[in-house]
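# Observations on the model geometry
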Amino acid sequence: MNEIKVRGRAKINLSLDVLRRKEDGYHEVKMIMQQIDLYDEILLESRENGILLETNCEFIPNNEGNIAYKAAKLMMDTFHIDKGIQIYIHKNIPVAAGLAGGSTDAAAVMIGLNKLWKIGATKKELMDLSIQLGADVPFCILEGAALAEGIGEKLTSIEGLDQWVVLCKPNISVSTASVYKALDVNHIEKHPETDKILKALENKDVQTVVENLCNVLEPVTEGMHPIVRDIKRKMVAYHALGSLMSGSGPTVFGIYKDYTKAKNAYENLSKVYNQIYLVKTYDGKDGYANE
Ligand code: ATP
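Rules behind the numbers
- Residues numbered from 1 in each chain as written.
- Predicted model: local features only at pLDDT ≥ 70, side-chain atom pairs only at ≥ 80, totals over all residues.
- Heavy atoms only, no water.
- UniProt positions renumbered as here; feature names shortened; annotations may be inferred.
- 1 Å grid on protein atoms, 1.4 Å probe; cavity = no way out; pocket = protein on both sides within 12 Å on 5 of 7 lines; lining within 4 Å.
- Helix = DSSP H or I, 4+ residues; strand = E, 2+ residues; numbered from the N terminus.
- Buried < 20%, exposed > 50% of the residue type's maximum accessible area, 1.4 Å probe, protein only.
- Expected span 1.5 Å × (residues − 1).
- Contact = heavy atoms within 4.5 Å.
- Polar contact = N/O pair within 3.5 Å; in protein donor to acceptor, adjacent residues only side chain to side chain.
- Axes fitted to C-alpha atoms, helices over the stretch in contact; angles between N-to-C directions.
- Parallel < 35°, antiparallel > 145°, perpendicular 65-115°, else oblique.
- Left-handed = near helix turned anticlockwise from the far one by under 90°.
- Nonpolar A, V, L, I, M, F, W, Y, C, P; charged D, E, K, R; others polar.
- Phe/Tyr/Trp six-rings, centres within 6.5 Å; stacked < 30°, edge-to-face > 60°.
- Lys NZ or Arg CZ within 6 Å of the ring centre and 35° of its normal.
- Domains from an automatic or database assignment.
- Buried area = accessible area lost by both parts, 1.4 Å probe.
- Salt bridge = Lys/Arg side-chain N within 4 Å of Asp/Glu carboxyl O.

In the annotation of an unreviewed UniProt entry, the protein is listed under the name 4-diphosphocytidyl-2-C-methyl-D-erythritol kinase and assigned to Marinisporobacter balticus. The heading Sequence similarities (unreviewed entry) in the UniProt record of the protein holds the text "Belongs to the GHMP kinase family. IspE subfamily." Its UniProt record gives the protein the following Pathway (unreviewed entry) comment, quoted word for word: "Isoprenoid biosynthesis; isopentenyl diphosphate biosynthesis via DXP pathway; isopentenyl diphosphate from 1-deoxy-D-xylulose 5-phosphate: step 3/6."

## With respect to the UniProt feature "active site" (unreviewed entry) in the protein
Here the UniProt-annotated "active site" (unreviewed entry) positions come out as Lys11 and Asp136. These annotated residues cover 126 residues of sequence, and their C-alpha atoms lie no more than 9.6 Å from one another, placing them together at a single site. In the annotated set above, the residues contributing to the lining of the largest pocket are Lys11 and Asp136. Tracing the chain through its elements places lysine 11 in strand β1 (residues 3-21). Residue classification places lysine 11 among the buried positions, given a relative accessible area of 4%.

## As for helix α1 (residues 67-78)
When the terminal C-alpha atoms of α1 are compared, their 16 Å separation across 12 residues agrees well with the 16 Å that a helix rising 1.5 Å per residue should span. Within α1 the residues assigned to the buried category are Ile67, Ala68, Tyr69, Ala71, Ala72, Leu74, Met75 and Met76. The inward-facing, buried residues of α1 abut β3 (51-55), β4 (84-90), α2 (101-116), α3 (123-130) and α4 (137-142). Measuring from the side-chain oxygen of the N-cap residue of α1 to the backbone nitrogen of alanine 68 gives 2.9 Å; that N-cap residue is asparagine 66. Positive backbone phi, approximately 50°, marks histidine 80, located one or two places after α1.

## Quick look at the packing of α1 against α2
Put simply, α1 and α2 touch, their axes get as near as 8 Å, and they point 30° apart. It follows from the interaxial angle that α1 and α2 lie roughly parallel. Viewed along their axes, α1 and α2 form a crossing whose handedness is right-handed. Packed against α1, whose contacting residues are Ile67, Ala68, Ala71, Ala72, Leu74 and Met75, the element α2 presents Gly102, Ser103, Asp105, Ala106, Val109, Met110, Leu113 and Asn114 at the interface. For the contact of α1 with α2, the per-class residue count stands at 10 nonpolar, 3 polar and 1 charged.

## Re the packing of aromatic side chains
Counted by the stated rule, this structure contains 1 aromatic pair. A cation over a ring is seen here: arginine 9 above tyrosine 282, with NZ or CZ 3.6 Å from the ring centre.

## Some details on the UniProt feature "domain: GHMP kinase C-terminal" (unreviewed entry) in the protein
Residues annotated in UniProt with the feature "domain: GHMP kinase C-terminal" (unreviewed entry) correspond here to residues 198-274. Secondary structure content for residues 198-274 is 53% helix and 14% strand, while the C-alpha to C-alpha distance between its ends is 33 Å.

## Here's the deal with the domain arrangement of the protein
You can read the domains of the protein as domain 1 (3-157) and domain 2 (164-280). Between the C-alpha centres of domain 1 and domain 2 the distance comes to 23 Å. At the junction of the two partners, domain 1 supplies 26 residues and domain 2 supplies 35 residues. Between domain 1 and domain 2 the total buried area reaches about 2300 Å² when both faces are included, carbon and sulfur atoms providing 66% of it. For the domain 1 face of the interface with domain 2, the top three residues by lost area are Leu14, Leu16 and Val18, together amounting to 24%. One salt bridge in this structure joins aspartate 195 and lysine 30, with 3.4 Å as the shortest N-O distance. Contributions of two or more residues to the side of domain 1 that touches domain 2 are made by β1 and β2 (27-47). When residues in the side of domain 1 that touches domain 2 are grouped by element, the largest group, 11 residues, is from β1.

The structure is reproduced here in structure tokens:
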């Protein structure tokens, strides 16, 4: 085997709670993560030595600044690999959008190289290693849906949603660091009822899940960019069961049971915004390398 193709899927947050700011600057969180079938396509090709990275996306680095490059370097150093790799990233996930686009590319590279180089590391080993790259990377390796605690690395797999999702990324950039910085952890108005959502997911009670979607970062990003609120209103006006901002934003998603309604929302939002997606939630069961 000389090459392998891997999909790196995006995630949305069905809930996002920040419990406290730790002394080391990280935040202790409690959140429900759900992968969706919006993915970057990553082609990994063996070469003699070195790491080369190409991408169709002008907004991400094509050198060691790219988290996918860092993931390849981490695999090489950890497992003492003396071969090289060419990474090609076809980006479909919008950048700096709250959808873990970088983290999922890193996860895909680790999973792909583990196969390509026949390293034989377990999923757990890869997840533990990947935390060095970023708090969301272990979840992207786990796939599907999970409760994430700690700084995001303590993961419990759960049965997620099986619904249509419309995503709308307004044409603004939001830095995750600036949103966390602006959050006053001691004065959060509304915390999500995470355990209630978990119970509802277990019982396949979609209505309770969508009624309780909640993200403590949403008011912060909304304060900076009122367009987030406008898009949420539109999602609901186009018959979403529920709508929320994902991660630190600015992407807003709507959950739809009915494909026709989701398509109608997608088409109407497409008239106003240019980064709109209509996908299904993803349960992580297709396996890693889907060619
Ligand atoms: P999260 O939801 O985990 O906060 P995000 O979706 O908000 O992540 P990313 O798309 O991961 O944000 O991008 C964050 C930053 O990382 C961008 O400034 C981008 O230039 C940089 N970056 C480095 N490598 C990548 C990559 N492979 N894909 C996307 N962004 C990357």
